[in-house]
Amino acid sequence: LYATTENIHKMSEIRGDTMSNLHQAMKKEPEAFRDLIVLKDVQRIVVEIVNSILGSKETLINISTIKSAKNYIFQHSIDTTVLAIALANKLKFNRNELDELAMGCLLHDLGMTLMPEKLINKAGMLTAKEYALIKEHSVLGYKILSSNPNIFPIVSQVACQHHERQDGSGYPFGFSGSNEKPEKAILYEKGRIFRNAEIATVA
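Below: a short report on this structure.

Reading guide: rules and limits
- Residues numbered from 1 in each chain as written.
- Predicted model: local features only at pLDDT ≥ 70, side-chain atom pairs only at ≥ 80, totals over all residues.
- Heavy atoms only, no water.
- Axes fitted to C-alpha atoms, helices over the stretch in contact; angles between N-to-C directions.
- Helix = DSSP H or I, 4+ residues; strand = E, 2+ residues; numbered from the N terminus.
- Parallel < 35°, antiparallel > 145°, perpendicular 65-115°, else oblique.
- Left-handed = near helix turned anticlockwise from the far one by under 90°.
- Contact = heavy atoms within 4.5 Å.
- Nonpolar A, V, L, I, M, F, W, Y, C, P; charged D, E, K, R; others polar.
- Salt bridge = Lys/Arg side-chain N within 4 Å of Asp/Glu carboxyl O.
- Buried < 20%, exposed > 50% of the residue type's maximum accessible area, 1.4 Å probe, protein only.
- Polar contact = N/O pair within 3.5 Å; in protein donor to acceptor, adjacent residues only side chain to side chain.

## So, the packing of helix α3 (residues 39-54) against helix α4 (residues 72-90)
Thinking step 1. Where α3 meets α4, the axes come as close as 10 Å, and the angle between the chain directions of the two elements is 45°. Judged by the angle between their axes, α3 and α4 are oblique. Note that α3 runs across α4; the crossing there is right-handed. Where α3 approaches α4, its residues Ile45, Ile49, Val50, Ile53 and Leu54 are matched on the opposing element by Ile78, Thr81, Val82, Ile85, Ala86 and Asn89.
Thinking step 2. For the contact of α3 with α4, the class distribution of residues is nine nonpolar, two polar and no charged.

## Description of the pattern of salt bridges
Thinking step 1. Throughout the structure, instances matching the rule amount to four salt bridges.
Thinking step 2. Between glutamate 48 and arginine 44 there is a salt bridge whose closest N-O contact spans 3.5 Å. With glutamate 48 and arginine 44 both in helix α3 and four residues apart, the pair spans about one turn of that helix.
Thinking step 3. Note that arginine 95 is salt-bridged to aspartate 99, the shortest N-O span being 2.9 Å. In this pair, arginine 95 and aspartate 99 are both assigned in helix α5 (residues 95-106), four residues apart and thus about one turn of the helix distant.
Thinking step 4. We classify aspartate 99 as partly exposed; its relative accessible area is 21%.

## Points about the side chain of histidine 137
Thinking step 1. Counting through the fold element by element, histidine 137 comes out in helix α8 (residues 137-146).
Thinking step 2. Engagement of the side chain of histidine 137 in a polar contact is seen with the backbone oxygen of isoleucine 134, the distance being 2.6 Å.
Thinking step 3. In terms of polar contacts, histidine 137 uses its side chain to reach the side chain of histidine 162, at 3.2 Å.
Thinking step 4. Residues contacting histidine 137, with those up to four places away along its chain left out, are Asp109, Gly111, Met112, Met115, His162, His163 and Tyr171.

## Considering unusual backbone geometry
Thinking step 1. Between tyrosine 171 and proline 172 the backbone carries a cis peptide bond, its omega angle lying at 15°.
Thinking step 2. When you line up the elements, proline 172 lands in the loop between α9 (153-161) and α10 (195-202).
Thinking step 3. A positive phi angle is found at asparagine 179, which is not glycine, with a value near 60°.
Thinking step 4. You can see asparagine 179 is positioned in the loop between α9 and α10.

## Details of the packing of α8 against α9
Thinking step 1. At their nearest, the axes of α8 and α9 sit 7 Å apart, and the two run at 165° to each other. In terms of their interaxial angle, α8 and α9 are classed as roughly antiparallel. For the crossing formed where α8 meets α9, the hand is right-handed. Seen from α8, the contacting residues are Ser138, Gly141, Tyr142, Leu145 and Ser146; seen from α9, they are Val155, Ser156, Gln157, Ala159 and Cys160.
Thinking step 2. A class-by-class count of the residues in the contact of α8 with α9 yields five nonpolar, five polar and no charged.

So, in structure tokens, the structure goes:
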């Protein structure tokens, strides 16, 4: 995953000052991102996380509250995956559904690897311009994942929708939810958050 992040930085050649820079890089070489995700490595991590949780009668989730800036995105993605799988297991997801959810959660912040490090590591509050740029990470993550034909569409939707909110106040599209437990999968409903994205958001 770290190597993948480095490759994305190299291919995008982004200095990260404006949103247009990000989109220009995506348009310049639309095929460049297709094979960046090392699926075997990601799938191995997914299997290990899900097996670990399903193999415990009582799941003890130990989330580190102190994360270095260097590994924050990766650690956050792992933490989100662990919490999401523990929750989905309670909701009686089958194994395929758990693996699919884990993949989406593990990669949900992939778009953040295209963000300038000075914003990711900024200690104080972001300016309006900086926040607008950071918000682009969900769509950028979706574009990277959806360009890979070997990744299920629902995985890329988790990256796209994990900042949507039940009341429609989230981004990027202002989708909403029913505010009920997402026990049944809804393949597609206009303006509605996907079930896996709802769980990732809570996690």
